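Examining the three-dimensional arrangement
The chain contents come next:
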Amino acid sequence: MGDSRQKLSPVTVTLHWIISSVVIGMLVIGFYMAATRTRSLWDVHKSVGILIFLVIMVRVLWRIRIGWPQAVGVYQPFERNLARFVHWTLIVCSLLMPISGMVSSVAGGNDLSVFGLELIADNPDPAGKLRVLPHSSFVHDFVQNIHAVGGWVFAVAITLHLAGALKHHFVDRDGTLRRMLGATVD
């Protein structure tokens, strides 16, 4: 029989905390921009979204390569199912949000750039009536709605994930949260 002590790899822990911190910040910025109808943070939001997408891809490929960590304790079937659902929702949303943001931006005729480095140029209006001409208003609007609803779904999934981590730590006292902070647990 092998060692029952569990420790997550430093790569897993680091990717988790980088992505979670940036995603929460991006959601706050996105909700702020939507609520105030301000565009002053739009370029930063888009740039960070593109960059974090690259880190998310590494995380997803890492998860596929190493699989899911073994549960620290024994849980009821509904807890295991809820945890599995929330984790998959987090993964899907972490991919869906940057992809839908990029597609929405380009379909709306806007550029795709990372802190000034232009990847895809604006589609300027030759008549000068609008700043840009959409490539597809339908695709822009459809994907923008996915992005907006996805933000709320992501926020709910993050809240459930945080609640689960706190439950593990304060109610179950099972070491799950300590393991996510890099500790070895029994």
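First, a word on what this report is: a plain description of the structure on this page. Quick caveat: nothing in here was measured; it's all calculated off a predicted structure.

Moving on, we come to the environment of Q70. Counting through the fold element by element, Q70 comes out in the loop between α2 (42-66) and α3 (77-107). Separated by 33 residues in the primary sequence, Q70 and V103 place their C-alpha atoms 36 Å from one another. If near-sequence neighbours (up to four positions away) are discounted, Q70 is found in contact with Q6 and R179.

With that settled, the discussion passes to the pairing of strand β2 (residues 117-120). As judged from the three bridges shared by strand β1 (residues 112-114) and β2, these two strands associate in the antiparallel manner. Residue pairing across strands places L112 opposite I120, the latter belonging to β2. Adjacent in sequence and paired antiparallel, β1 and β2 are bridged by two residues, among which F115 carries a positive phi angle near 45 degrees.

On the surface, a nonpolar cluster with roughly 460 Å² of combined accessible area is contributed by I99, V103, F138, V139 and F142. Those elements that place two or more of their residues in the nonpolar patch are α3 and α4 (137-172). For the nonpolar patch, the element with the most residues is α4, which contributes three residues. Within the fold, V139 resides in helix α4. Among the residues examined, V139 registers a relative accessible area of 31% and is labelled partly exposed.

Another aspect to go through is α4. In a regular helix each residue adds 1.5 Å, so 36 residues correspond to 52 Å; α4 covers 50 Å between its end C-alpha atoms and thus fits that length. Where α4 is concerned, the buried positions are V143, H147, G150, G151, F154, A155, A157, I158, A165 and H168. Downstream of α4 by a residue or two, R173 has a phi angle that is positive, lying close to 50 degrees.

Turning our eyes to something else, we now look at the nonpolar core. In this structure, I19, V23, L27, I56, L90, F154 and I158 are the most contacted members of the largest nonpolar core, which totals 14 residues. Of all the secondary-structure elements, those providing two or more residues to this core are α1 (10-36), α2, α3 and α4. If you tally residues by element for this core, the top one is α3, at five residues. One finds I50, M102, L112 and V114 within the second-largest nonpolar core, a separate group that totals five residues.

Turning next to the packing of aromatic side chains. Applying the stated criterion to the full structure yields three aromatic pairs. Where W68 meets W88, the ring centres are 5.8 Å apart and the plane angle is 65 degrees; that geometry is what we call edge-to-face. Taken as a pair, W68 in the loop between α2 and α3 and W88 in helix α3 lie far apart in primary sequence, 20 residues in all. Classification of W68 as partly exposed rests on a relative accessible area of 41%. Over the aromatic face of W42 sits the side chain of K46, whose NZ or CZ is 4.4 Å from the ring centroid.

The N-to-C vectors of α1 and α4 enclose an angle of 135 degrees; their axes lie 11 Å apart at closest approach. Between α1 and α4, the angle falls in the class oblique. Where α1 crosses over α4, the two elements pack in a sense that is left-handed. Counted together, H16, V23, I24, L27 and F31 of α1 and G151, W152, F154, A155, I158 and H161 of α4 form the full contact between these two elements. Here the residues of the contact of α1 with α4 are counted per class, giving eight nonpolar, three polar and no charged.

With that settled, consider α1. For α1, with 27 residues, the first-to-last C-alpha span of 39 Å sits near the 39 Å given by 1.5 Å per residue. Looking at α1, one finds that the buried residues are T12, V13, L15, H16, I19, V23, M26, L27 and M33. Where α1 is buried, its residues touch α2, α4 and α5 (176-180). Of the residues one or two after α1, R37 is the one with positive phi, at around 55 degrees.

Calculation criteria
- Residues numbered from 1 in each chain as written.
- Predicted model: local features only at pLDDT ≥ 70, side-chain atom pairs only at ≥ 80, totals over all residues.
- Heavy atoms only, no water.
- Helix = DSSP H or I, 4+ residues; strand = E, 2+ residues; numbered from the N terminus.
- Contact = heavy atoms within 4.5 Å.
- Pairing = 2+ DSSP bridges.
- Patch = residues over 30% accessible without salt bridge, like charges linked within 9 Å, V, L, I, M, F, W, Y side chains within 5 Å.
- Areas by Shrake-Rupley, 256 points an atom, 1.4 Å probe, with all protein chains shown as cover.
- Salt bridge = Lys/Arg side-chain N within 4 Å of Asp/Glu carboxyl O.
- Buried < 20%, exposed > 50% of the residue type's maximum accessible area, 1.4 Å probe, protein only.
- Expected span 1.5 Å × (residues − 1).
- Core = buried A, V, L, I, M, F, W, Y, C linked by side-chain atoms within 4.5 Å.
- Phe/Tyr/Trp six-rings, centres within 6.5 Å; stacked < 30°, edge-to-face > 60°.
- Lys NZ or Arg CZ within 6 Å of the ring centre and 35° of its normal.
- Axes fitted to C-alpha atoms, helices over the stretch in contact; angles between N-to-C directions.
- Parallel < 35°, antiparallel > 145°, perpendicular 65-115°, else oblique.
- Left-handed = near helix turned anticlockwise from the far one by under 90°.
- Nonpolar A, V, L, I, M, F, W, Y, C, P; charged D, E, K, R; others polar.

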